[in-house]
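Single-letter residue listing:
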Amino acid sequence: NDGHQIQPLVTLLRQHASDAKVCSQVCAALENLTFTDNDNRKTIVSHNGVEAILEFLKCHQVDDGSLLRSGIDALWNLTFDDEAVDRATDAGAIERVLEVMRKHPDDAEVQSGSCAVLLNLAVRNENRWRIVQGGAVGLVASAMHMHAMSEEVLEQGCQALYMLAYHPDLRPH
């Protein structure tokens, strides 16, 4: 088990918060550790890793999208965990992800990963309205239009829109 690497990685993420390249590499390592490992997800959550990743995305949102992808993708993996969804929501993940989408419309991987994070956050009823109110429907539709040849953007975008549209309380009256 690689879980022993998690606390030092989260510490690195916090210590080097001003260095987008270091943060991106740390997030890539966290992404790899969380791809299929629920225990690692829970460990990262318990070490405030969700908040550290969101802080990285906030501080470097205007940097090159390729540096942000690993942060978005680590967040995607983490938000398969219920506690991570709650922690991410409390730490402003909805607004942060939408802001990253707005700042990087040309980056298909950032857009698809962002759609996937929104889909995972939308499992909570109370998050759906915030996602819609934040402008996600338009952002997701724009991403799908701009990246119409990207299967990943189309798949994640469609799933996110379905999750949001499926619930009658979010439909206009």
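As a starting point, this report considers the structure included with it. (Residues numbered from 1 in each chain as written. Predicted model: local features only at pLDDT ≥ 70, side-chain atom pairs only at ≥ 80, totals over all residues. Heavy atoms only, no water.)

1. Structural notes on the packing of helix H8 (residues 108-121) against helix H11 (residues 151-165)
So, step 1. Two numbers describe how H8 lies on H11: the axes approach to 8 Å, and their chain directions differ by 25°. It follows that H8 is roughly parallel to H11 by the angle criterion. The element H8 and its partner H11 pack so that their crossing is left-handed. Within the contact between the two elements, H8 uses Ala108, Gln111, Ser112, Cys115, Ala116 and Leu119 and H11 uses Glu152, Val153, Gln156, Gly157, Gln159, Ala160 and Met163. (Axes fitted to C-alpha atoms, helices over the stretch in contact; angles between N-to-C directions. Helix = DSSP H or I, 4+ residues; strand = E, 2+ residues; numbered from the N terminus. Parallel < 35°, antiparallel > 145°, perpendicular 65-115°, else oblique. Left-handed = near helix turned anticlockwise from the far one by under 90°. Contact = heavy atoms within 4.5 Å.)

2. With respect to the packing of helix H7 (residues 93-103) against H8
So, step 1. Two numbers describe how H7 lies on H8: the axes approach to 10 Å, and their chain directions differ by 160°. Comparing the axis directions of H7 and H8 gives the class roughly antiparallel. As H7 packs across H8, the resulting crossing turns out to be left-handed. In contact with Ala93, Ile94, Val97, Leu98, Val100 and Met101 of H7, H8 contributes Val110, Gln111, Ser114, Cys115, Val117, Leu118 and Leu121.
So, step 2. Looking at the contact of H7 with H8 residue by residue, the class counts come to 11 nonpolar, 2 polar and no charged. (Nonpolar A, V, L, I, M, F, W, Y, C, P; charged D, E, K, R; others polar.)

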